[in-house]
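Take a look at the letters that make up each chain.
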Amino acid sequence: MKDSNFLKEHNAKSLWHPMAHPGDSLANPPAIITSAQGVKITDIDGHEVVDAVGGLWNVNLGFSCQPVKDAIAAQLDVLPYYSTFRGTTNDQVIQLAEELRKFFAPDGLTRAFFTSGGSDSVETALRLARQYHKIRGEEGRIKFLSLKKGYHGTHMGGASVNGNANFRTQYEPLLPGCHHIPAPYTYRNPFNETDPERLARLCLQALEDEIAFQGAGTIAAFIMEPVLGAGGVIPPHKSFMPGVREICSKHGILLIADEVITAFGRTGSWSGSRRWGVQPDMMATAKAITNGYFPFGAVMIADHMTEVFEKDTTGKAAIGHGYTYSGHPVGAAAALACLAETLRLNVPENAAARGTQIHQGLLALQQKYALIGDVRGGHGLMCALELVADRTTKAAVDKKTIGRLQEVAYEAGAMVRVSGPNIILSPPLVLGETEADTILSALDAGFAAVS
């Protein structure tokens, strides 16, 4: 490996970073992470911190999950790649599909379509939704509904159903026929409603109104995250997702649960849909499916949809979609090992406990620092702080202040994620009590430095 002087000198010079301005990356070179162990990462200068980002919501089992590493290494020796396009498959992907069928049975999902990651999974679900209606003779069902503040990846389809202008404006025009309703976001919403249950009813009413306006017969699917993640960790009232399910069923609209973040235990339940007692028609997954060690994803599909596809005799159900790495044998082997370890550790239990600990700690920080306008969490290990310059006007904090806060928190022992005015926490689900305290104390140091 090149020495540290070379790496620092060339940092960000020959690559563009995702979700960053190229010029900003040059002016403020990214932290160079060179190793990791457990739930901690170490940078090029030997500074070790707790990773409160969990990689990118995906390293649920930490950085030292040996069973997954061993499975990857062993599979590389046996079959490093083969296609699962029509006519060929591999042993690992067959076994994985069966294990996922068992795992997602309570969600009513029985088939898997494998992808290379979360954006791929969303794109696949959107395509299959349109195809499903065409097979059934409802060719007019082509539109998609979603939530403002929702995040569904970076493909053109995903960007089109995204509810955040940051991921849309510079790439428009996007896919036509995508429409958005207000999110159940108590801190900021067009109804000026702070009661979660009343807000959920208002958002459901807005959904009904949008369906009536567009015409139910033109809508293919509604896509939503059970707990909004990248949009700032926005958990809805417990009545919201069941209400969406009821409305979609009434109007023949498919419900796609985007669980790229929430599947496999992050919410304190095995899936976000299960937490709310909802069975979606499709579920997009990725991230934690291999603990972030291999790019991989899956769309899980409900029985009633599989019947429509598998019993078709017209040829309309032939799937003209897939990825070179769909069902990659190394990824499948990694996912098998990861699922087994996830189940063995019963990660939702610890996610719930540590999530409660961090959420309560953040509420205590809010009492201490006026910069904290809103605290969101309490649903497993996904929490957020929304920072404001003024609590009365809710004016967002300036970029320099939140950037300095992140820097000091890192120096004090924790890597936290900044997204707009939000500090988002999504640490590994194997986080310990002491490490959770480290995250909180690092944030305390950060706020003290900028207050």
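Here, every reference points to the structure presented above.
These figures come from a predicted structure and were not determined experimentally. (Residues numbered from 1 in each chain as written. Predicted model: local features only at pLDDT ≥ 70, side-chain atom pairs only at ≥ 80, totals over all residues. Heavy atoms only, no water.)

### What to know about the overall build of the chain
The following threshold applies: Each helix is a run of H or I in the DSSP string that is no shorter than four residues. Each strand is a run of E no shorter than two, and both are numbered from the N terminus. Atoms considered for the radius of gyration are the C-alpha atoms alone. The globule rule reads 2.2 Å times the number of residues to the power 0.38. In this scheme, a residue with accessible area under 20% of its type's maximum is buried, one over 50% is exposed, and one in between is partly exposed, where area comes from a 1.4 Å probe on protein chains only. Contacts: residue pairs with any heavy atoms within 4.5 Å of one another.
The helix and strand tally for the chain stands at 15 helices and 16 strands. Whereas a compact globule of 451 residues would reach a radius of gyration of roughly 22 Å, the chain reaches 22 Å, a difference of no more than 12%. The 451 residues of the chain split such that 54% are buried. Here the analysis covers contacts within the chain between residues at least 6 apart in sequence; of these, 72% occur between residues at least 24 apart.

### What about the packing of aromatic side chains?
The following threshold applies: The criterion for an aromatic pair is that two Phe, Tyr or Trp rings (for Trp, the six-membered ring) have centres within 6.5 Å, with stacked assigned to planes under 30 degrees apart, edge-to-face to planes over 60 apart and tilted to the rest.
Scanning the entire structure with this criterion turns up 8 aromatic pairs. Look at Tyr369 and Phe447: their rings are 5.3 Å apart centre to centre, the planes differ by 20 degrees, and that puts the pair in the stacked class. One end of the pair, Tyr369, is in the loop between helix H13 (347-368) and strand E11 (372-376); the other, Phe447, is in helix H15 (residues 433-450), with 78 residues separating them in the sequence. The exposure class assigned to Tyr369 is buried, which follows from its relative accessible area of 8%. By the ring-pair criterion, three or more aromatic residues cluster together here, those being Phe103, Phe104, Phe264 and Trp270.

### As for the side chain of Asp107
As a reminder of what qualifies: Polar contact is defined as a pair of N or O atoms within 3.5 Å, subject to the rule that within protein one atom must be able to donate a hydrogen and the other to accept it, and that residues adjacent in sequence are counted only when both atoms are side-chain atoms.
Its place among the elements puts Asp107 in the loop between helix H5 (91-103) and strand E4 (109-115). Judged by its relative accessible area of 0%, Asp107 falls in the buried class. A distance of 2.6 Å separates a polar atom in the side chain of Asp107 from a polar atom in the side chain of Arg274.

### Observations regarding the sheet that holds strand E3 (residues 48-51)
Short version of the rule: By the convention used here, strands pair only if DSSP detects at least 2 bridges between them.
If you trace the 4 strands from one edge of the open sheet to the other, you get E1-E2-E3-E14, paired in mixed fashion. Only two strands of the sheet have a single neighbouring strand rather than two, namely strand E1 (33-37) and strand E14 (414-415). The pairing of E3 with E14 spans 2 bridges and is parallel. In the sheet register, Asp51 faces E14, and the bridge partner there is Met415.

### Some words on the sheet that holds E4
What counts here: An axis is simply a line fitted to the C-alpha atoms; with a helix, the fit covers only the stretch in contact. Between two such axes, the angle follows the N-to-C directions and lies from 0 to 180 degrees.
Pairing in this open sheet of 7 strands is mixed, and the strands run E4-E10-E9-E8-E7-E5-E6 from one edge to the other. The two strands at the open ends of the sheet, each matched to only one other strand, are E4 and strand E6 (178-181). Pairs of neighbouring strands in the sheet enclose a mean axial angle of 20 degrees, with direction left out of account. Bridge count between E4 and strand E10 (residues 297-302): 6 bridges; the pairing is antiparallel. By the bridge assignment, Thr115 is partnered in E10 with Gly297. Docked against the sheet, helix H11 (residues 303-310) engages E4, strand E8 (254-258), strand E9 (282-285) and E10, running at close to 90 degrees with respect to E10.

### Some details on the side chain of Thr306
Among the secondary structure elements, Thr306 is positioned in helix H11. Excluding its chain neighbours within four sequence positions, the residues that come into contact with Thr306 are Thr110, Arg111 and Ile301.

### What about the environment of His251?
Looking at the element boundaries, His251 is found in helix H9 (residues 240-251). Here the alpha-carbon distance between His251 and Gly380, two residues 129 residues apart in the chain, equals 32 Å. Apart from residues no more than four positions distant in its own chain, His251 is found in contact with Arg141, Glu208, Ile211 and Ala216. In terms of polar contacts, His251 uses its side chain to reach the side chain of Glu208, at 2.9 Å.

### Some remarks on the packing of helix H14 (residues 399-411) against H15
Put simply, the rule reads: Any angle from 65 to 115 degrees is called roughly perpendicular, while one under 35 is roughly parallel, one over 145 is roughly antiparallel, and all others are oblique. Crossing handedness is defined as follows: a turn of the near helix away from the far one that is anticlockwise and smaller than a right angle gives a left-handed crossing, while the clockwise case is right-handed.
Here H14 crosses H15 at 135 degrees, and the two axes come no closer than 8 Å. Viewed along their axes, H14 and H15 adopt a mutual orientation that is oblique. For the element pair H14 and H15, the recorded crossing hand is right-handed. Only Ala442, Leu443, Ala445, Gly446, Phe447, Ala449 and Val450 of H15 make contact with H14, whose side of the interface consists of Thr401, Arg404, Leu405, Val408 and Ala409.

### What to know about the state of the cysteines
Rule in force here: Cysteine sulfurs are considered disulfide-paired once they come within 2.5 Å of each other.
Scanning the entire structure with this criterion turns up 0 disulfides. The cysteine Cys248 is free of any disulfide, with Cys203 supplying the nearest cysteine sulfur at 14 Å. Exposure remark for Cys248: the relative accessible area of 1% places this residue in the buried category. Here Cys338 stays free of any disulfide, with the sulfur of Cys65 as its closest cysteine sulfur at 6.1 Å. Residue classification places Cys338 among the buried residues on the basis of a relative accessible area of 2%.

### A short note on the pairing of strand E5 (residues 143-147)
Regular strands place side chains that alternate from one sheet face to the opposite one. So the rule is basically this: The handedness of a crossover follows from its direction of travel: if, with the strands pointing away from the viewer, the path from the first strand over the helix to the second runs clockwise, the crossover is right-handed.
Here E5 lies mainly inside the structure; 5 of its 5 residues are buried. Every second residue of E5 is oriented toward a common face, with Lys143, Leu145 and Leu147 on one face and Phe144 and Ser146 on the other, all of them buried. In this sheet, strand E7 (residues 219-224) lies alongside E5 in parallel orientation, the contact comprising 4 bridges. Its bridge partner being in E7, Leu145 is matched across the sheet by Phe222. Alignment of E5 against E6, held across 4 bridges, turns out to be parallel. Bridge assignment links Phe144 to a residue of E6, and that residue is Cys178. Read from E5 through helix H7 (residues 156-161) to E6, the crossover connection turns out right-handed.

### Thoughts on the pattern of salt bridges
In plain terms, the rule: Each salt bridge in this description consists of a side-chain nitrogen of Lys or Arg and a carboxyl oxygen of Asp or Glu lying within 4 Å of one another.
Summed over all chains, the structure comprises 17 salt bridges. Across the pair Glu138 and Arg136 runs a salt bridge whose closest N-O atoms are separated by 2.8 Å. The class for Glu138 is partly exposed, based on a relative accessible area of 28%. Classification of Arg136 as partly exposed rests on a relative accessible area of 43%. Here Asp281 ties to Arg245 by a salt bridge, and the two come within 3.1 Å at their closest N and O atoms. Of this pair, Asp281 sits in the loop between helix H10 (272-275) and E9 while Arg245 sits in helix H9; the two residues are 36 residues apart in sequence, bridging distant segments of the chain. Like Arg245, Asp281 is buried. Linked through salt bridges whose partners overlap, the residues forming this network are Arg188, Asp374, Arg376 and Glu386.

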